[in-house]
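Report on the structure
Chain by chain, the residues:
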Amino acid sequence: MPTSKKPYVIGAGVVAAAALLGLVSYTATKPASPSPTVVAESSAEPRTGVYPELEKYARRDAKDPLAVGRADAPVVLIEYADFKCGYCGKFARETGPELIEKYVDEGTLRIEWRNFPIFGEESERAARAAWAAGRQGRFWQFHKAAYAEGAKEQGFGKDRVTALAREAGVADLDRFGRDLDSEAARQAVAKDQEQAYALGATSTPSFLVNGRPIAGAQPMEMFTDAIEAAKREAAK
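Once a new chain begins, its residue numbering starts again from 1 and follows that chain's sequence as written. Totals for whole chains, interfaces and linings use every residue, but because this is a predicted model, local features are given only for residues with pLDDT of at least 70 and side-chain atom pairs only at 80 or more, for both listing and counting. Only hydrogens and water are set aside; all other atoms, that is, all heavy atoms of the structure, feed into the side-chain values.

**Thoughts on the sheet that holds strand β3 (residues 109–115)**
- One open sheet holds the 5 strands; their spatial order is β1-β3-β2-β4-β5, and the pairing between them is mixed. Strands at the two margins of the open sheet, each flanked by one partner only, are β1 (67–68) and β5 (212–215).
- In the packing of helix α4 (residues 139–146) onto the sheet, the strands contacted are β1 and β3, and the crossing angle to β3 comes to about 70°.
- Contact criterion: two residues are considered in contact whenever any of their non-hydrogen atoms come within 4.5 Å of each other. Throughout, an axis means a line fitted to C-alpha atoms (over the contacting stretch in the case of helices), and angles, computed between N-to-C directions, take values from 0 to 180 degrees. For the purposes of this entry, the term helix denotes a DSSP run of H or I that reaches at least four residues, the term strand denotes a run of E that reaches at least two, and both are numbered from the N terminus. Contacting β2 (75–81) and β3, helix α7 (residues 183–198) crosses the sheet at an angle of about 105° to β3. Between any two strands, at least two bridges found by DSSP are needed for them to pair.

**Notes on the packing of helix α3 (residues 121–134) against α7**
- The contact between α3 and α7 brings their axes to 9 Å, and the two run at 110°. By the angle between their directions, the pair α3 and α7 is classed as roughly perpendicular. On α7, the residues touching Glu124, Ala127, Arg128 and Trp131 of α3 are Ala184, Ala185, Arg186, Ala188, Val189 and Gln193.
- Each residue receives one of three labels: charged for Asp, Glu, Lys and Arg, nonpolar for Ala, Val, Leu, Ile, Met, Phe, Trp, Tyr, Cys and Pro, and polar for the others, Gly being one of them. For the contact of α3 with α7, the per-class residue count stands at 6 nonpolar, 1 polar and 3 charged. Angles below 35 degrees are treated as roughly parallel, those above 145 as roughly antiparallel, those between 65 and 115 as roughly perpendicular, and all remaining angles as oblique.

**Some remarks on α3**
- With 14 residues, α3 extends 20 Å between its outermost C-alpha atoms, agreeing within 8% with the 20 Å of an ideal straight helix rising 1.5 Å per residue.
- Exposed residues in this analysis have more than 50% of their type's maximum accessible area, buried residues have under 20%, and partly exposed residues fall in between, with area computed by a 1.4 Å probe over protein chains only. For α3, the buried fraction is high: 12 of the 14 residues fall into the buried class.
- Every buried residue of α3 is listed here: Ser123, Glu124, Arg125, Ala126, Ala127, Arg128, Ala129, Ala130, Trp131, Ala132, Ala133 and Gly134.
- In this fold, the buried residues of α3 make contact with β3, α4, α5 (158–167), α6 (173–180) and α7. By this rule, a helix spans an expected 1.5 Å times one less than how many residues it contains.

**Looking at the pairing of β3**
- Most of β3 is tucked away: 7 of the 7 residues are buried.
- Of the two faces of β3, the one carrying Leu109, Ile111, Trp113 and Asn115 and the one carrying Arg110, Glu112 and Arg114 are both buried.
- By the bridge criterion, 2 bridges tie β1 to β3 in an arrangement that is antiparallel. Bridged to Val68 within β3 is Ile111.
- Across 7 bridges, β2 lies against β3 in parallel orientation. Bridged to Tyr80 within β3 is Arg114.

**Let's talk about a negative patch on the surface**
- Patches in this entry comprise residues that are over 30% relatively accessible and not in a salt bridge; like charges within 9 Å are linked, as are nonpolar side chains (Val, Leu, Ile, Met, Phe, Trp, Tyr) within 5 Å. A 1.4 Å probe and the Shrake-Rupley method give the accessible areas. Residues count as covered only by the protein chains that appear here. We define a salt bridge as a side-chain nitrogen of Lys or Arg found within 4 Å of a carboxyl oxygen belonging to Asp or Glu. Charge assignment: positive for Lys and Arg, negative for Asp and Glu; neither His nor the chain ends contribute. Working definition for charges: the position is that of NZ of Lys, CZ of Arg, CG of Asp or CD of Glu. A grouping of Glu98, Glu101, Asp105, Glu106 and Glu221 is seen on the molecular surface, where their side chains present a negatively charged patch.
- Structurally, Asp105 is set in the loop between α2 (86–104) and β3.
- With a relative accessible area of 60%, Asp105 lands in the exposed category.

**Quick word on the nonpolar core**
- Among buried residues, the Ala, Val, Leu, Ile, Met, Phe, Trp, Tyr and Cys ones that are joined through side-chain atoms within 4.5 Å form a nonpolar core. Formed by 44 residues in total, the largest nonpolar core has its most connected members in Leu77, Phe83, Leu99, Leu109, Phe142, Phe176 and Val209.
- The dominant element in this core, judged by the number of residues it contributes, is α2, at 7 residues.
- Discounting residues that sit within four places of it in the chain, Phe83 has contacts with Trp113, Asn115, Ala126, Ala127, Ala130, Phe139, Phe142, His143, Ala146, Tyr147, Lys152 and Phe156.
- By size, the runner-up hydrophobic cluster in this structure holds 13 residues, among which are Tyr57, Tyr80, Ile118 and Ala196.

**A short note on the packing of aromatic side chains**
- In this scheme Phe, Tyr and Trp rings, the latter by its six-membered ring, pair at centre separations within 6.5 Å, and the angle between planes marks the pair as stacked below 30 degrees, edge-to-face above 60, and tilted otherwise. Tallied over the full model, the rule gives 10 aromatic pairs.
- Aromatic pair Phe91 and Phe207: ring centres 4.7 Å apart, planes at 50°, arrangement tilted. Here Phe207 lies in strand β4 (residues 206–209) and Phe91 lies in helix α2, a separation of 116 residues in the sequence.
- Through successive ring pairs, a cluster of aromatic residues spans Phe83, Trp113, Phe139, Trp140, Phe142 and Tyr147.

Here you go:
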């Protein structure tokens, strides 16, 4: 992890949300372990646990290759995740596709990915590789391949991420290799990391749903409650 970072200027709302994320986040290093107890309340009340300052973290860039869904969707879910994180993989294989089918496809939800590698050199390389795949429009295909059952157990060495890029349909593997090792890739990943740390995220996955923090690969119901509440609020 980078040790020197340009500090974010954050307001009281962000500080409060950071405290919340710090309270309920957990380390997802053992996917075979029982799921942690949920200590954050899930509420459908529109503004419960919502920090308006955090809504500004949504980029809403229509050309962002690390996002899916309409740029003007009423609800934006931001995910901070690591490709070596077991619970991130669980979310990617189970909850994420359900959310896309239920909310993204019909225009309610946009999902924006943030690289948050916290498990060392291989995490960093996988994050840069995902970014590099995105440069050729294949981020989500790389995401799917990297989070497939058993993928993280094979590691994310340079040959392995190249194989994943090939599996994802990245057309120009020479360009992929250059992008992977570029300073632009390192800066993009570092920017996402800085944002996550500023929010108080200490483990993966962590989420924001229109300014509402959610820590961990929580049950589908927690995400649907947050999305439905955000949708109602946005319609006012």
